[in-house]
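A structural walkthrough
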Amino acid sequence: MPHHRYRPVHDRVAVPLTERDWPSRRIERAPLWVPVDLRDGNQALAEPMDTARKRRMFDLLVAMGFKEIEVGYPSASQTDFDFVRHLADSGAVPDDVTVSVFTAARRDLIDRTVASIEGLPRTLVHLYTATAPTWRDVVLGRSRSEVHALILEAATHLLRRAEERPGADIRFEFSPEVFNLTEPDFVLDVCNSVTELWDACASRPVVHNLPATVEVATPNVYADQIAYMDAHLARREAVILSVHPHNDRGTGVACAELALLAGAQRVEGCLFGNGERTGNVDLVTLALNLYTQGVNPMIDFSDIDAVREVVEHCTRLPLHPRHPYGGELVHTAFSGTHQDAIAKGMAHHAKQAADRGLDVADAPWAVPYLPIDPGDVGRTYEEVIRINSQSGKGGIAHLLRTQHGLDLPRTMRPDFSRTVQQVSDSSGRELSHKDLWELFRTTYLSPAEDGPVRLVSWNTTETAPGEHRFTCVLHVDEEERHCQGSGNGPLAALADALGTVGIPVDILHYAEHATTTGPGSHAVSYAECRVRDVTCWGAGWDTSLLAASVHSVMAAVNRAAMS
């Protein structure tokens, strides 16, 4: 591949040297979030949103808690203009939400933009012009001084148009497009002159948005560029320093996080990262990354599946199942070792919560492989562990316990795991928890009644303390046999009765438990039995614990007979 055709970023733009104290900082509070799904994200769609889909997206963003929302490029299309007017005329904008609109630095486009926001309570007009050398030379055909003059002329015209609406709450934002490839001294000079022209002050700050329009360098380079601007911007207390990373190198989230360390206060991006080429920075990932560090993101993701559904509907783009936090499979483990660690971690978490007298939803979270509690974003625990041919005994046992109340003995789990693996290998498909239950039923419960040895009737009595008699009618070898046995418990007596008809049974392991609480709860029993030279597990399920225990032994006997 002709790699010699491409120049590293340091040969394209001077990267300012800084003290680089930003790497030692920590992000301890959320930035100002500005979703641009309705403008930048919308521009990237093959089929841009109509008013109905835009309104649904806008309502979602408001419900999630965003306080500033970029809603469109009203001078670029009639659809965008009409949507801004829809917001103004319908009263859809809450009192605490600022609407942002986007415009290029041209007088006619500014006029059209200002006309679109008539009647909106609070607006921010976002003015942009490309400033990087390649864009100046190839797209604009203007020198540095000419581009600077163009920006100041547009900024002046915007100011005058806003002044024609006394009492209107209109603030300003400026973006030197392709900031990350623009000479640092030039972009600083332009931003400072715009700050002065708009007479920014702490009570009425301007936004300087510094986009990585096309991502061209490692995230530390972008952070150095932001740190330089943070240190040298005039009237710094009157400037909100904003970033708008794209994801061309796949490091948009890292660029945003390092930019915040370097002094940025505001982030523009899209839910799940929709946008031109590889997309805008993903606000969901950024915000929930903060959440994993114990920082309140100030945005509500408690029903992330509902957020995903709206975004997919409005953009008509599916979300990748492995997309961070929001993808269908991101909280799911198929690997046996992962499943075992998660199952143990969930059990440990529940115990720690109980020991501290806390609800499990409030207890500190520390579960292997799960950076956040899926329940915090509205996901179900059923999704955490899913079963295929790669799964292990721990994950299978976890699903049977959480979904069906079955707590398989540890020594039984490998036996059922082999059965599950044989089925998933042969079918090549994932098994649901319902599939697991059905497989458990046919493997361990059904043989009690469907095998070659069946109990037609039975009863047991305690003849003396510690002495039990088991009397039964057995259907064996195509005939019914009356027999009885004795032992120190009902199951020992059953084994003795089976021995009288030539079926020697040793009960090697036995366990039992209730599946739920309450008087109507089913009990389940597990029995590992050696029948002649064959050892098998069986299980019983009944509202009577005694009946369940008898069925478990009979299931094991029949499984041995059929092996």
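Here the structure is a predicted model, which means the values were calculated and not measured.

Let us look at the UniProt feature "domain: Pyruvate carboxyltransferase" (unreviewed entry) in the chain. According to UniProt, the feature "domain: Pyruvate carboxyltransferase" (unreviewed entry) maps to residues 31-305 in the numbering used here. What you have in residues 31-305 is 44% helix and 19% strand, and the ends, taken at the C-alpha atoms, are 24 Å apart.

Locating Tyr369 in the fold gives a position in the loop between α12 (336-355) and α13 (393-404). When its relative accessible area of 49% is taken as the criterion, Tyr369 is described as partly exposed. On a C-alpha basis, the gap between Tyr369 and Trp537 in space is 32 Å, while along the polypeptide they are 168 residues apart. If sequence neighbours within four positions are ignored, Tyr369 has contacts with Thr337, His338, Ala341 and Ile342.

Locating Ser193 in the fold gives a position in helix α7 (residues 184-197). In this view, Ser193 contacts His148 and Leu152; residues no more than four positions away in its chain are not counted.

A few words on the layout of surface pockets. By volume, the largest pocket is sized at about 710 Å³. Lining the largest pocket are 28 residues; nearest its centre among them are Arg29, Ala30, Pro31, Leu32 and Gln265. A total of 3 residues in the lining of the largest pocket trace back to one element, the largest contributor, which is strand β1 (residues 32-35). When the residues that make up the lining of the largest pocket are grouped by side-chain class, the tally is 13 nonpolar, 5 polar and 10 charged. Of the pockets and cavities examined, the second largest pocket occupies roughly 350 Å³. Around the second largest pocket, the lining comprises 26 residues; the ones closest to its centre are Phe272, Gly273, Asn274, Leu319 and His323. The set of elements that each furnish at least two residues to the lining of the second largest pocket consists of α9 (252-261) and α11 (304-315). Ranked by the residues each element gives to the lining of the second largest pocket, the list is headed by α11, at 4 residues.

Conventions adopted
Numbers given for residues are sequential positions, taken from 1 along each chain in its written order. Since the coordinates come from a predicted model, pLDDT governs what is reported: local features require at least 70, and pairs of side-chain atoms require 80 or more to be given and counted, while whole-chain, interface and lining totals use all residues. To obtain the side-chain values, all non-hydrogen atoms of the structure were included, while hydrogens and water were left out. UniProt positions are given in the numbering used here, feature names are shortened, and annotations may be inferred rather than shown by experiment. Comment: elements are numbered from the N terminus, with helices defined as DSSP H or I runs of at least four residues and strands as E runs of at least two. For every residue, the accessible area (1.4 Å probe, protein chains only) is compared with the maximum for its type, and the residue is labelled buried under 20%, exposed over 50%, or partly exposed between those bounds. By definition in these notes, contact holds between two residues if any of their heavy atoms fall within 4.5 Å. Here a cavity is any set of points on a 1 Å grid over the protein atoms alone where a 1.4 Å probe fits but cannot get out, and a pocket is any open set with protein on both sides within 12 Å along at least 5 of 7 lines; a residue lines the site when it has an atom within 4 Å of a point. Grid points are joined across faces, edges and corners, and a volume is the space filled by probe spheres set on the points. Gly is placed with the polar residues, together with every amino acid not listed as nonpolar (Ala, Val, Leu, Ile, Met, Phe, Trp, Tyr, Cys and Pro) or charged (Asp, Glu, Lys and Arg).

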